[in-house]
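Overview (structure and organization)
So you can see what is in the structure, the chains are spelled out below.
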Amino acid sequence: MTTIDRRRALALGAGLALLTAAPVGILPAFAANDAAQVAKAFLDGKEPVKGKLAIELPEIAENGATVPLVVSVESPMSEASHVTEVLVLAEENPTSRVVRFAFTPSSGKAEVALRIRLSATQNVWVLAKTNTGEVYLEKKPVKVTIAGCG
Amino acid sequence: MAEKPRIRVPASVKKGEVFQVKALLKHPMESGNRKDESGKTLPRKIINKFVCKANDKVVFSADFNTSVSADPFLTFSLRLEETSKLELSWFDDDGSVISETVQVEVK
C-alpha cells in the first residue's frame, strides 16, 4: 500500500514538474539559460568555420566575479574582409549574453579583452561574424571555484 | 558621480599601425541578482554600452550585459589613417553617459 502511495506521489510530482516546465516550450531540461537558442539565431543556419577564432580563458577561475577573457579572430580587417561582430555567451549564467563587440575595418585587429563573471563551472561560447557572411563558433570550459553572479 | 575613466593610448602612432586602447571605468556593474542584508534585491545598474569614436565615426562598440565584471576593463585595437580625436563613451542604465576624449597623433 505504501509503495503505491509513493509511486502516485512521484507521478504527481513529475506531472507537476512537466506542467511548470510547459510554458517555456521545448527547452532542453538542463539548460540554465537560452544560450543554445541565441547561438542558433546568431549562426542563422550557417555552418561555423573552425580554427579562425581563439579564446583565452583560465582553465580554473578561482574567482568567478572577475575572469579574464581574450578573444581574437583571424582576419585581415580590411574593407573587403573584416569581422563585424563577436558575441560571448555563458551557458550556465543567469543570462546567456555576456557581451557583444562590434568591429570595423578601423579596428585593425579583431582582438578584445574584458573581465567577465561566471556563476558556475561551464562552457563559454564565443561566436563571430564577418562582413562576407562567414560565422565562427568556439567553446571553452572554465572551472569556477567561487561563483561570481550572486 | 562616477569616477573619471582611465584610458591608455599611445600619444602618437604610425599611419596604418595597429595599436591598443585600454579603457577602465570604476563602476559596480550591479547585476540585479544580488540581495542586501535584509534580503531585498539590489536593482540592476550596469554600463550597458560602450562606444569608441574616431573623429566622430564609430570605430568600435560593445554591448555589456550583467555578466561583465565590476569596473569594466576593456582592451581593443585600432588602426588610424589620420590624427584623430578619440571619444570613448560609457552608457549607464540610469541614462547618464560618461565620455572622455583623447588625441592620437598619426605620423
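I will try to describe carefully the structure that is included in this document. Note that the structure is predicted; figures quoted are calculated from it, not measured.

1. Details of the overall build of chain B
Along chain B, the regular secondary structure elements total 0 helices and 8 strands. Counting from the amino terminus, helix and strand elements in chain B follow one another as β-β-β-β-β-β-β-β. The proportion of buried residues among the 107 residues of chain B is 42%. Pairs at least 24 apart in sequence give 56% of the contacts found in chain B among residues at least 6 apart. Looking at chain B as shown, the accessible area adds up to about 5600 Å², and 48% of this sits on carbon and sulfur atoms.

2. Here's the deal with the interface of chain B and chain A
Where the parts come together, the accessible area they lose is often given as the size of the interface. If you look at the interface, chain B gives 30 residues, while chain A gives 31 residues. A buried area of about 2300 Å², summed over both sides, lies between chain B and chain A, and 43% of it is on carbon and sulfur atoms. Considering only the side of chain B, the residues that lose the most area to chain A are S67(B), S69(B) and R79(B), jointly responsible for 26% of the buried surface there. Linking chain B with chain A are 1 salt bridge. Our count for the chain B to chain A interface comes out at 22 residue pairs in polar contact (both at pLDDT 80 or more). Those elements that provide at least two residues to the side of chain B that touches chain A are β3 (18-24), β5 (57-64) and β6 (73-79) of chain B. Broken down by element, the side of chain B that touches chain A gets its largest block of residues, 8 residues, from β5(B). In the side of chain B that touches chain A, the residues fall into 15 nonpolar, 10 polar and 5 charged. For strand β5 (residues 97-103) of chain A and β5(B), the ladder comprises 5 bridges, and the chain directions are antiparallel. Across the sheet, residue F101(A) finds its bridge partner in β5(B), namely A62(B).

3. Observations concerning the sheet that holds strand β4 (residues 47-54) of chain B
Reading across the sheet, the 10 strands line up as β2(A)-β8(A)-β7(A)-β4(A)-β5(A)-β5(B)-β4(B)-β7(B)-β8(B)-β2(B) and stay open at both edges, with mixed pairing between neighbours. Bordering the open sheet on either side are β2 (60-63) of chain A together with β2 (12-13) of chain B, each of which pairs with just one other strand. In the sheet, strand β4 (residues 83-90) of chain A pairs with strand β7 (residues 122-130) of chain A via 7 bridges, with the strands oriented antiparallel. Its bridge partner lying in β7(A), L87(A) is registered against L127(A). Packed on one face of the sheet, helix α2 (residues 35-43) of chain A meets β4, β5, β7 and β8 (135-146) of chain A and runs near 15° to β7(A).

The rules behind these values
- Residues numbered from 1 in each chain as written.
- Chains lettered and ligands numbered in written order.
- Predicted model: local features only at pLDDT ≥ 70, side-chain atom pairs only at ≥ 80, totals over all residues.
- Heavy atoms only, no water.
- Helix = DSSP H or I, 4+ residues; strand = E, 2+ residues; numbered from the N terminus.
- Buried < 20%, exposed > 50% of the residue type's maximum accessible area, 1.4 Å probe, protein only.
- Contact = heavy atoms within 4.5 Å.
- Areas by Shrake-Rupley, 256 points an atom, 1.4 Å probe, with all protein chains shown as cover.
- Buried area = accessible area lost by both parts, 1.4 Å probe.
- Salt bridge = Lys/Arg side-chain N within 4 Å of Asp/Glu carboxyl O.
- Polar contact = N/O pair within 3.5 Å; in protein donor to acceptor, adjacent residues only side chain to side chain.
- Nonpolar A, V, L, I, M, F, W, Y, C, P; charged D, E, K, R; others polar.
- Pairing = 2+ DSSP bridges.
- Axes fitted to C-alpha atoms, helices over the stretch in contact; angles between N-to-C directions.

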